[in-house]
Amino acid sequence: MAIPVIVIDDEQVDRYTVKRRLARHGGFDEVLEARSGDAFLIDYCDRIPPIEFDSAPVLILIDINMPGRNGFETVEELQRRQDEGRAPPSVVVMMFTSSSNPKDKQRAKALPLVNGYIEKPIDADGVEQVFDLYRSHVTGKAA
């Protein structure tokens, strides 16, 4: 089964690059996009009826530095909405960012929903890392 993906990034070129790289890999479903954390929350959490995904957890690749709600704030709000039953219940979140700041990595690691930290630009090795992290998380949950 192909992995369902949502990319949240304010930079169109980064969204495009991720879509192309994931498509080349072959293990990912069509990549859905959001231009901001707020747009993601509106489009994928507030929509009635909600977007239905297959039984596989949704992979969310989210940038940290965006206008409005940043990636950390978006993940925290996603967690709140999950707790209230207003968001996709099964997600695998990976920070997808150009930040190599150790404080950002530490903050990401402290968020319960975050399962990985991938630095831009993504290349074939980065895509394989995303694929492997996703599979190990899903397999770990099933065990």
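The structure contained in this document is the topic of the report that follows. (Residues numbered from 1 in each chain as written. Predicted model: local features only at pLDDT ≥ 70, side-chain atom pairs only at ≥ 80, totals over all residues. Heavy atoms only, no water.)

1. Quick look at the sheet that holds strand β2 (residues 28-34)
Stated precisely, the cut-off is as follows: Criterion used throughout: strands pair if DSSP finds at least two bridges between them. We count a stretch as a helix when DSSP gives it H or I for four or more residues in a row; a strand needs E for two or more, and each element gets its number in order from the N terminus. Think of each axis as a best-fit line through the C-alpha atoms, taken over the contacting stretch in the case of a helix, with angles from 0 to 180 degrees between the N-to-C directions. Residue contacts are defined here by distance: any two heavy atoms, one from each residue, within 4.5 Å place the two residues in contact.
Spatial strand order, β2-β1-β3-β4-β5: five strands in an open sheet with parallel pairing. At either end of the open sheet lies a strand with only one pairing partner, and these are β2 and β5 (114-119). Sheet twist, expressed as the mean angle between neighbouring strand axes with direction ignored, is 25 degrees. Helix-sheet contacts for helix α2 (residues 37-44) involve β1 (3-8), β2 and β3 (58-62), and the interaxial angle to β2 is about 115 degrees. Together, β3, β4 (91-97) and β5 form the strand contacts of helix α3 (residues 71-83), whose direction differs from that of β4 by roughly 170 degrees.

2. Looking at the pattern of salt bridges
For clarity, the cut-off: Put simply, a salt bridge is a Lys or Arg side-chain nitrogen that is within 4 Å of an Asp or Glu carboxyl oxygen. Relative accessible area decides the class of each residue, using a 1.4 Å probe on protein chains only: under 20% of the type maximum gives buried, over 50% gives exposed, and in between gives partly exposed.
Across all of its chains, the model carries 12 salt bridges by this definition. As a salt-bridge pair, R15 and E33 come within 2.7 Å of each other at their nearest N and O atoms. Of this pair, R15 sits in helix α1 (residues 12-25) while E33 sits in strand β2, placing them 18 residues apart in sequence. With a relative accessible area of 4%, R15 lands in the buried category. Classification of E33 by relative accessible area gives partly exposed; the value is 30%. When salt bridges with common partners are traced through the structure, they connect D9, D14, D63 and K120 into a single cluster.

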